[in-house]
Amino acid sequence: MKRGKLTGSITKGQRSKTLPFGIQSLLSVLKEGVIESNPVFVQVLGTCPALAVTTSAKNAFGMGLAVIFVLMGSNLLISLLRRFIPSQIRIASYIVVISTFVTVIEMLIETYIPGLYNSLGIFLPLIVVNCIVLARAEAYASKNPPLLALLDGFAMGVGFTVALVLLGGIREILGAGTLFEHNLFGEGFKPATLFVKPAGAFIIFGFLMAGVAKLRSYINGKKRNKNDKKEAAAL
Amino acid sequence: MTDILLLMFSVILIENFIFSRFLGCCPFLGVSEKPATALGMGFAVTFVMTLSSAVTYAVYHLILVPNKLEYFSTVVFILIIASLVQLIEMFMHKYIPALYSALGIYLPLITTNCAVLGAALINIRSKFSFIESVVFGFSAAIGFTLAIVIFAGVRERMAFADPPKAFRGLPIALVAAGLLAMAFSGFVGMSFS
């Protein structure tokens, strides 16, 4: 967990004193959640829904929104209760909080978006055991004030959603020739159905993860180069 | 009887929990470095899943349905599974220490294994009977064990491979899992009717 970095960026924002955090640190928290420690590609948490519901970009987006809701809600409530939850039974308490929010979003989606409810299937209630939610509760929300926990939940949720939509989009384009149900290549296109099948999910996920690893090592290499130059100039 | 056998085979091979339903991917990727540990994890999951399928079925039909509390099932099920795992752990520790020392470290991980909660939810949604639920839980776990042990064997071999730098570790393992899933998708053509 890269919590050290996260809290570091926030204390910088607190210097302004008028706001608990400035726009600058909001952006850096978002960057942390989406790129630096992306829950799916870097921390490798929540792989089950990432593989299962990404048969289309639309499903992936719906799942992402549901997880954002649950993460923000549970992070906020757990952070508010952090002084009252005894540490021996904290995991059980977190699970109760999380499953309450999951039940709420499940009922909302069932009522208002029945199509999405059917295509997500049991993966909607399974957000309860999504490791991302419990990991953020344990590692962040239980130690930080409510607003920061809410923000962290949002950033991690967005990171999860970006990863899912990327995976779902690629699978939908290759496997069905559409994106968000818009036909991309015209009628004559024969899609490779392998990619909407389970095997394709694993393979695309592997390639995306390798791509992100490459990107991160490239960015870090660039940073290191800059630092080296700075040091050389200082010397 | 044949129905039960058919259910078992289709759950283990055709609708394999990992390769076709994507349930239990976290331990599948996390605890599959060596075949021996993978087997340990598989046994622990089988034990818990069979028991939890029975208990969640009983609680759902004897307590939740008569009181019209079906919408509460997710919360209740996850609590049942968590306490069941804790109970099994304490029981094993006291009475079967040999088994505890073999499976003990995997037990706490199972609470957040989505395969266990997934099986309980599928049992309810497919309107299975009690026997069918237990068989479903048991054979789904056997399918999980089969997948994770095969995959651990593959990964052990992969230690000697030399993929590009960005692919080292999990990415290449995922591609291998994709190839395995392709092999398993060959079973889809099988039909018993």
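Just so it is clear, the model here is predicted, and its values are computed rather than measured.

## Focus on the overall build of chain B
Okay, step 1: Across its full length, chain B carries 9 helices and 0 strands.
Okay, step 2: For 193 residues, the compact-globule estimate of 2.2 N^0.38 gives 16 Å, and the C-alpha radius of gyration of chain B, at 18 Å, lies within 12% of that figure.
Okay, step 3: Its C-alpha atoms put chain B at 60 × 45 × 30 Å along the principal axes.
Okay, step 4: Taking the contacts inside chain B whose residues are at least 6 apart along the sequence as the reference set, 77% of them involve residues at least 24 apart.
Okay, step 5: Here chain B has roughly 9,100 Å² of accessible surface; of this, 71% comes from carbon and sulfur atoms.
Okay, step 6: Positive and negative charge centroids in chain B, built from 10 and 8 side chains respectively, lie 6 Å apart.

## Focus: the nonpolar core
Okay, step 1: Among the nonpolar cores identified, the biggest contains 118 residues, and F123 and F202 of chain A together with F28 of chain B are the most heavily contacted of them.
Okay, step 2: If sequence neighbours within four positions are ignored, F28 of chain B has contacts with F202 of chain A together with I18, F19, A147, I148, F151 and A177 of chain B.

## With respect to the confidence of the model for chain A
Residues and elements named next belong to chain A.
Okay, step 1: In the predicted model, chain A carries a mean pLDDT of 81, and the fraction of residues at 70 or more is 90%.
Okay, step 2: In the model of chain A, helix α1 (residues 3-14) stands out as the element of lowest mean pLDDT, 43, in contrast to helix α4 (residues 57-80), which has the highest, 91.
Okay, step 3: Across residues 1-18, confidence stays below pLDDT 50; counting only partners more than four residues off in sequence or on other chains, it has 30 contacts.

## Some remarks on a nonpolar patch on the surface
All names here are of chain A.
Okay, step 1: Together, F69, V104, L108, Y112 and I113 line one region of the surface with nonpolar side chains, adding up to about 480 Å² of accessible area.
Okay, step 2: The element contributing the most residues to the nonpolar patch is helix α5 (residues 90-112), with 3 residues.
Okay, step 3: With respect to the helices, strands and loops of the structure, I113 is situated in the loop between α5 and α6 (114-120).

## So, the packing of α5 of chain A against helix α4 (residues 73-95) of chain B
Okay, step 1: Two numbers describe how α5 of chain A lies on α4 of chain B: the axes approach to 8 Å, and their chain directions differ by 150°. Looking at the two axes, α5 of chain A sits roughly antiparallel to α4 of chain B. Handedness of the α5 of chain A/α4 of chain B crossing: right-handed. Within the contact between the two elements, α5 of chain A uses I95, V96, S99, T100, T103 and E106 of chain A and α4 of chain B uses T74, V75, I78 and L79 of chain B.
Okay, step 2: Tallied by class, residues from the contact of α5 of chain A with α4 of chain B come to 5 nonpolar, 4 polar and 1 charged.

## Points about the packing of α4 of chain A against α5 of chain A
When two helices pack together, their arrangement is captured by the angle between the axes and the distance separating the axes.
Residues and elements named next belong to chain A.
Okay, step 1: Following both chains from N to C, one finds α4 and α5 inclined at 145°, their axes separated by 9 Å at the closest point. α5 is crossed by α4, and the crossing has right-handed handedness. When α4 is examined against α5, the residues A66, F69, V70, G73, S74, L77 and I78 are found in contact with a partner set consisting of Y94, V97, I98, F101, V102, V104, I105 and I109.
Okay, step 2: Looking at the contact of α4 with α5 residue by residue, the class counts come to 13 nonpolar, 2 polar and no charged.

## Looking at empty space enclosed by the protein
Okay, step 1: Summed over the entire model, instances satisfying the criterion amount to 3 cavities of 30 Å³ or more.
Okay, step 2: By volume, the largest cavity amounts to about 90 Å³.
Okay, step 3: Surrounding the largest cavity, 14 residues form its lining, C48, P49, V129 and N130 of chain A together with C114 of chain B being those nearest its centre.
Okay, step 4: Tallied by class, residues from the lining of the largest cavity come to 10 nonpolar, 4 polar and no charged.

Rules and cut-offs
Sequence order sets the numbering: in each chain, residues are counted from 1 along the sequence as written. The naming scheme follows written order: chains are lettered A onward, ligands numbered 1 onward. In keeping with the predicted nature of the model, local features appear solely for residues at pLDDT of at least 70, side-chain atom pairs appear and are counted solely at 80 or more, and the whole-chain, interface and lining totals rest on all residues. Side-chain descriptors were evaluated using all non-hydrogen atoms of the structure, hydrogens and water having been removed beforehand. Numbering of helices and strands starts at the N terminus; helices are DSSP runs of H or I of at least 4 residues and strands are runs of E of at least 2. For the radius of gyration, the atom set is restricted to C-alpha positions; the globular benchmark scales as 2.2 Å times the number of residues to the power 0.38. Residue contacts are defined here by distance: any two heavy atoms, one from each residue, within 4.5 Å place the two residues in contact. Here the accessible surface of atoms and residues is derived via Shrake-Rupley with a 1.4 Å probe, and residues count as covered only by protein chains that are part of the display. The sign given to each residue is positive for Lys and Arg and negative for Asp and Glu; His and the chain ends receive no count. To locate a charge, take atom NZ for lysine, CZ for arginine, CG for aspartate or CD for glutamate. To form a nonpolar core, buried Ala, Val, Leu, Ile, Met, Phe, Trp, Tyr and Cys residues must be joined to one another through side-chain atoms within 4.5 Å. The cut-offs for exposure are 20% and 50% of the maximum accessible area for each residue type, with area from a 1.4 Å probe on protein chains only; residues under the lower value are buried, those over the upper are exposed, and the others partly exposed. Note on scores: pLDDT gives the predictor's confidence for each residue, bounded by 0 and 100. Nonpolar side chains (Val, Leu, Ile, Met, Phe, Trp, Tyr) within 5 Å and like charges within 9 Å form the patches, drawn only from residues with over 30% relative accessible area and no salt bridge. Salt bridge, as used here: a side-chain nitrogen of Lys or Arg that lies within 4 Å of a carboxyl oxygen of Asp or Glu. To obtain an axis, a line is fitted to C-alpha atoms, over the contacting stretch when the element is a helix, and the angle between two such axes runs from 0 to 180 degrees between their N-to-C directions. In these notes the angle categories are as follows: under 35 degrees is roughly parallel, over 145 is roughly antiparallel, 65 to 115 is roughly perpendicular, and the rest is oblique. Should the near helix be turned anticlockwise from the far one by less than a right angle, the crossing is left-handed, and should it be turned clockwise, the crossing is right-handed. Under the convention adopted here, Pro, Cys and the residues Ala, Val, Leu, Ile, Met, Phe, Trp and Tyr are nonpolar, Asp, Glu, Lys and Arg are charged, and Gly plus all remaining residues are polar. Points on a 1 Å grid over protein atoms alone make up a cavity when a 1.4 Å probe fits among them but cannot get out, and a pocket when they form an open set with protein on both sides within 12 Å along at least five of seven lines; lining residues each have an atom within 4 Å of a point. Grid points are joined across faces, edges and corners, and a volume is the space filled by probe spheres set on the points.

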